[in-house]
Amino acid sequence: MRIARFSIDGNVAFGAVEGDKPDELVLDIIKGIPFADFQLSGTKVPLSKVRLLPPVLPNKVVAFGRNYAEHARELGNEVPDAPFAFFKPSTSVIGPGDEIQYPSFTEELHHEAELAVVIGRMCREVPRERVRDVILGYTCANDITARDVQRREKQWARAKGFDTACPLGPWVETDLEPSDLTIQLTVNGQQRQLGRTSEMIHPIEDLIVNISEAMTLLPGDVILTGTPAGVGPLAVGDEVSVSIEGIGTLTNKVVKRG
């Protein structure tokens, strides 16, 4: 099931995305929330009539860096022996079609296409064999990064945590085998990144075991799983799209921060 979060006539709701052709997609409005038992209402609205929002509002976004060997090498970094986590605040999250605001404190804004995991239930110290039980589904993410700030500062809070630095969407796909999916990113229609989730150094199970050893994960929390090689600069006016096999495409435009 594809679960979207959307607004219509000033109201916010979740809906199940139905249909195959982009211009014929409809939303069956969900009674309740997707983190508990819910029913489809049977009330359907065309996707073209709503505004898609970030598919979840996470309490926290846990991101794992250097989880693709070629990406680590392209930036001159060693491949980590263990998962390497950092955080992006909830205020960095935006949805499909929202604007990425180019911060005034950087001159080197980069894109990073990633598979995002959405947590479906509260959990802690998750054993590896139970990881799939705590996952609601998967969505596309773009780990927008102020690369010059990342190099200059010893921690990454500003470089990766500024407002609009975490586009997510377009929806959560709940029925997906994530172990070998194509990830690609384009800027103004030109391909910049192309990889497969099978190239991850540490698979999803290891990432969730690692972080849940340290902290409680809550429904709606998001885990970013790393980016394949090919990261590069964005400029004001660029349109950047992340596409993941079996999920869909997340598109955002870069604007100057006002």
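Residues numbered from 1 in each chain as written. Predicted model: local features only at pLDDT ≥ 70, side-chain atom pairs only at ≥ 80, totals over all residues. Heavy atoms only, no water.

A.B. asks: How should I be thinking about unusual backbone geometry in this particular structure?
C.D. replies: Negative phi is the rule for most residues except glycine; trans is the rule for most peptide bonds. Across the junction of glycine 169 and proline 170, the peptide omega takes the value 5°, indicating a cis bond. Note that proline 170 resides in strand S14 (residues 166-173). The phi dihedral of aspartate 9 is positive, around 55°, even though this residue is not glycine. Despite not being glycine, threonine 164 has its phi angle at roughly 75°, a positive value. Note on placement: threonine 164 falls in the loop between helix H3 (157-161) and S14. (Helix = DSSP H or I, 4+ residues; strand = E, 2+ residues; numbered from the N terminus.)

A.B. asks: Mind showing me how you'd approach the pattern of salt bridges here?
C.D. replies: Evaluation of the coordinates by the stated rule reveals 16 salt bridges. Across the pair arginine 196 and aspartate 180 runs a salt bridge whose closest N-O atoms are separated by 2.7 Å. Here arginine 196 is found in strand S16 (residues 190-196), whereas its partner aspartate 180 is found in the loop between S14 and strand S15 (182-187), with 16 residues between them in sequence. Under the relative-accessibility criterion, aspartate 180 is labelled partly exposed at 38%. In this structure, glutamate 245 and arginine 196 form a salt bridge, with 3.5 Å as the shortest nitrogen-oxygen distance. Remark: arginine 196 occurs in strand S16 and glutamate 245 occurs in the loop between strand S19 (239-244) and strand S20 (248-256); sequence separation between them is 49 residues. One network of salt bridges, with partners in common, ties together Lys88, Glu112, Asp143, Arg147 and Lys160. (Salt bridge = Lys/Arg side-chain N within 4 Å of Asp/Glu carboxyl O. Buried < 20%, exposed > 50% of the residue type's maximum accessible area, 1.4 Å probe, protein only.)

A.B. asks: Teacher, can you tell me more about the packing of aromatic side chains here?
C.D. replies: In this description, a pair of aromatic rings is defined by centroid distance and the angle of the planes. In total, this model carries three aromatic pairs according to the counting rule given. Aromatic side chains phenylalanine 84 and tryptophan 156 sit 5.3 Å apart centroid to centroid with 65° between the ring planes, which places their arrangement in the edge-to-face category. Note that phenylalanine 84 is positioned in strand S7 (residues 84-88) and tryptophan 156 in the loop between helix H2 (147-152) and H3, a separation of 72 residues in sequence. Residue tryptophan 156 is classed as buried on the basis of its relative accessible area of 14%. Aromatic pair phenylalanine 105 and phenylalanine 162: ring centres 6.0 Å apart, planes at 80°, arrangement edge-to-face. Pair noted here: phenylalanine 105 is in the loop between strand S9 (99-102) and strand S10 (109-111) and phenylalanine 162 is in the loop between H3 and S14, with a separation of 57 residues, a long-range link. Among the residues examined, phenylalanine 105 registers a relative accessible area of 24% and is labelled partly exposed. The class for phenylalanine 162 is buried, based on a relative accessible area of 6%. An aromatic cluster is built from Phe84, Phe86 and Trp156, whose rings are joined through pairwise contacts. (Phe/Tyr/Trp six-rings, centres within 6.5 Å; stacked < 30°, edge-to-face > 60°.)

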